[in-house]
Amino acid sequence: MRNVLLLGASGSIGTQSLDILEKHPERFTLRGFSLGKRVHMIPDFLKRFPSVEYLCVSQAEDAENLRKKYPNLKIYHGDEGLVSIIEECPCDMVVNALVGFAGMVPSVTALRHDRILCLANKESLVVGGSIINGLLREGKGRLLPIDSEHVAIAKLLSCIKREDLSRILITASGGSFRNKSRAELTHVTRDDALAHPTWSMGAKITIDSATMMNKGFEIIEADVLFGIGVDRVTPLMHAESYVHSLIELRDGTLLADISKPDMHGPIEYALMETEVDFTPVKAKSLSDYAPYHFHAFDPERYPAVGIALDSHRRGGNSNAILNAANEAAVYAFLENRIPFLQIEEEVRYALDTLPFMAEPSLEDLIAVDKKTRRVVNEHIGG
Ligand code: NDP
Ligand code: MG
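About the criteria used
Residues numbered from 1 in each chain as written. Chains lettered and ligands numbered in written order. Predicted model: local features only at pLDDT ≥ 70, side-chain atom pairs only at ≥ 80, totals over all residues. Heavy atoms only, no water. Helix = DSSP H or I, 4+ residues; strand = E, 2+ residues; numbered from the N terminus. Rg over C-alpha atoms; globule rule 2.2 N^0.38 Å. Buried < 20%, exposed > 50% of the residue type's maximum accessible area, 1.4 Å probe, protein only. Contact = heavy atoms within 4.5 Å. Areas by Shrake-Rupley, 256 points an atom, 1.4 Å probe, with all protein chains shown as cover. Lys, Arg positive; Asp, Glu negative; His and termini not counted. Charge placed at Lys NZ, Arg CZ, Asp CG, Glu CD. Domains from an automatic or database assignment. Buried area = accessible area lost by both parts, 1.4 Å probe. Salt bridge = Lys/Arg side-chain N within 4 Å of Asp/Glu carboxyl O. Polar contact = N/O pair within 3.5 Å; in protein donor to acceptor, adjacent residues only side chain to side chain. Core = buried A, V, L, I, M, F, W, Y, C linked by side-chain atoms within 4.5 Å. Donors = N, O, S within 2.8 Å, 3.2 Å for Na, K, Ca; no water. Pairing = 2+ DSSP bridges. Axes fitted to C-alpha atoms, helices over the stretch in contact; angles between N-to-C directions. Near = heavy atom within 4 Å. Nonpolar A, V, L, I, M, F, W, Y, C, P; charged D, E, K, R; others polar. Phe/Tyr/Trp six-rings, centres within 6.5 Å; stacked < 30°, edge-to-face > 60°.

A.B. asks: Which residues make up the overall build of the protein, and what are the values?
C.D. replies: When helices and strands are counted, the protein shows 15 helices and 12 strands. Relative to the compact-globule value of 21 Å for 382 residues, the protein shows a C-alpha radius of gyration of 20 Å, a close match. In the protein, which comprises 382 residues, the proportion classed as buried is 56%. A fraction of 69% describes how many contacts in the protein between residues 6 or more apart in sequence connect residues 24 or more apart. Put simply, the protein shows about 16,700 Å² of open surface, and 51% of that area lies on carbon and sulfur atoms. A distance of 2 Å separates the average location of the 42 positive side-chain charges in the protein from that of its 52 negative side-chain charges.

Now the structure itself:
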């Protein structure tokens, strides 16, 4: 039995994680959850999970009202509240489904307190990969990724001898503008960008998929998780999102993980700590998903991938600048303050402008995050 704390319960990954917890009542007890501003979802969650005793929300005012409504619950708020709920909720597993840099300190806190961390928040790994790997090396906690490509890669790597691995092929749908040229991206709108062709996800990752900054982040994530080096991870365009990733062996053999695009599968694999039966697809059922299309990734069509990988190669605080600038620019686009193509320009501007720091501490990363957002928002103006 695992006592679980779910961070980001109201989001796309959060609500699907609740489905998985509900599916295995013999395995999981939900002891606490957090959400941001969508407090109207709380009554339903408490009805479904009467075991919950700990709750965290973003706003102080919401927390105050909730304390009156639910005097038996321990209620926290804000960034400090997220740290306190991890420390005080008697849980052995933390599911981090927060979006953006807000998930970084919670990931580190969970590992410092020896929790099993099921991690959807890829920004934690992009910004704080070396801090997180440092904690894991010290034997603090355990990390299980939730991102579908990384679950696929972990499954496939578990089938082979590591020395047989040549490279990883990480698949990419190409996002909502995959059928448009760069010239056609000049006037695209927020609503066009939010209509992802194959996945239903939160707004920020949907925009990251359209720029393919998401794939840049995922290649970095693969390096942090599997220690493979970004040059041995190749993006491969695959419109249908059925093949979640492939690995290529030294003799040229390709192994693929294939299933319908539904995050319940990867979430279940992580929460069940990989104790899920998975059987290789039989040849005849391959046709269930046909046709499959693959084509080569074009770095000029999606420059965000190159920007992300250059930043990762530079190391130090670069990925903190990369992530913060991207977040600030994505939210500016979502608020109609900048056009789509300016997202990449703002990220480049921030990486060129902010000072390099070779070995940042967690506190340094928090300061770099704040400063980068300020610099980008000042540059955007308005
Ligand atoms: P959503 O935007 O749907 O959900 C984000 C959650 O975090 C919500 O519960 C939100 O609360 C909460 N939240 C947001 N900002 C803050 C903050 N500053 N403080 C506290 N809570 C906050 O995101 P997704 O579920 O789509 O994505 C979550 C993570 O998973 C991301 O890192 C994403 O890259 C990754 N991921 C997502 C996939 C998907 O299919 N969605 C697939 C693979 C990875 P509220 O809305 O109540 O304000
Ligand atoms: Mg993914």
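A.B. asks: Can you explain the domain arrangement of the protein? Please cite residues and give values.
C.D. replies: Looking at the assigned domains, one finds that the protein contains domain 1 (2-145), domain 2 (150-296) and domain 3 (315-381). Each of domain 2 and domain 3 was reduced to a C-alpha centroid, and the two centroids are 26 Å apart. Residue-level contacts link 18 residues of domain 2 with 16 residues of domain 3. Summed over both sides, the interface between domain 2 and domain 3 buries roughly 1,400 Å², with carbon and sulfur atoms accounting for 71% of that surface. At the boundary of domain 2 with domain 3, the tally comes to 1 salt bridge. In this structure, the salt-bridge partner of E344 is R182, at a minimum N-O distance of 2.7 Å. The tally of links between domain 2 and domain 3 comes to 3 residue pairs in polar contact (both at pLDDT 80 or more). Sorting the residues of the side of domain 2 that touches domain 3 by element identifies α8 (190-194), α9 (203-211) and α10 (213-226) as the ones contributing at least two each.

A.B. asks: Can you explain the nonpolar core? Please cite residues and give values.
C.D. replies: Counting 84 residues, the largest nonpolar core has I85, L322 and F340 as the members making the most contacts within it. Aside from chain neighbours lying at most four places away, what touches I85 is L5, L7, F33, Y54, L55, C56 and Y76. Counting 38 residues, the second-largest nonpolar core is a separate cluster that includes A9, L18, F28 and C118.

A.B. asks: Could you give an account of the coordination of the magnesium ion (ligand 2), naming the residues involved and the relevant values?
C.D. replies: At the metal site, the magnesium ion (ligand 2) is ligated by D147 (OD), E149 (OE) and E218 (OE), and these contacts range over 2.1 to 2.3 Å. Along the chain, the residues donating to the magnesium ion (ligand 2) are arranged with the sequence spacing D-x1-E-x68-E. With D147 in the loop between β7 (142-145) and α7 (148-157) and E218 in helix α10, this residue pair connects regions lying 71 residues apart in the sequence. Residue classification places E218 among the buried positions, given a relative accessible area of 1%.

A.B. asks: Hey, could you go over the sheet that holds strand β3 (residues 54-57) for me, with residue numbers and the actual values?
C.D. replies: Across the sheet, which stays open at both edges, the 7 strands sit in the order β4-β3-β2-β1-β5-β6-β7 with parallel pairing between neighbours. At either margin of the open sheet sits one strand with a lone partner, and together these are β4 (74-77) and β7. Within this sheet the neighbouring strands show an average axis-to-axis angle of 25 degrees, counted without direction. Across 4 bridges, the pairing between β3 and β4 is parallel. In the strand pairing of β4, V57 is matched with H77.

A.B. asks: Account for the site of ligand 1, naming residues and giving values.
C.D. replies: S10, K37, R38, E123 and G202 are the nearest of the 24 residues found near ligand 1. Contact distances for ligand 1 include 3.3 Å between an oxygen atom and a backbone N or O atom of G11. Note that an oxygen atom of ligand 1 is positioned 2.7 Å from one of the backbone N or O atoms of K37. Relative to its unbound accessible surface of 910 Å², ligand 1 loses 85% to contact with the protein. Looking at the shell around ligand 1, the elements with two or more residues in it are α1 (12-23) and α6 (122-137). Of the residues assigned to the shell around ligand 1, the class counts are 11 nonpolar, 8 polar and 5 charged.

A.B. asks: How would you sum up the pattern of salt bridges? Please name residues and give values.
C.D. replies: Counted by the stated rule, this structure contains 29 salt bridges. E64 serves as the salt-bridge partner of R67, at 3.2 Å between the closest nitrogen and oxygen. Of this pair, R67 and E64 both sit in helix α3 (residues 60-69), 3 residues apart, which is roughly one turn of that helix. We classify R67 as partly exposed; its relative accessible area is 31%. Residue classification places E64 among the partly exposed residues on the basis of a relative accessible area of 41%.

A.B. asks: An account of helix α4 (residues 78-88) is requested, with residue identities and associated values reported.
C.D. replies: Here α4 has its buried residues at G78, G81, L82, S84, I85 and I86. Buried residues along α4 sit in contact with β1 (2-7), β2 (28-34), β3, β4, β5 (93-96) and α5 (104-112).

A.B. asks: Kindly report on the packing of aromatic side chains, identifying the contributing residues and their values.
C.D. replies: Both the distance between ring centres and the angle between the ring planes are used here to describe each pair of aromatic rings. Applying the stated criterion across every chain, the model contains 5 aromatic pairs. Consider the rings of F333 and F340, whose centres lie 5.5 Å apart with planes at 70 degrees: the pair is edge-to-face. Judged by its relative accessible area of 2%, F333 is buried. You can call F340 buried: its relative accessible area is 2%. Counting every residue linked through ring pairs, the aromatic cluster contains F177, F333 and F340.

A.B. asks: Describe in detail the environment of A320, supporting the description with residues and values.
C.D. replies: Counting through the fold element by element, A320 comes out in helix α13 (residues 318-334). Those residues within four positions of A320 in sequence are excluded, and the remaining contacts are V127, L365 and V368.

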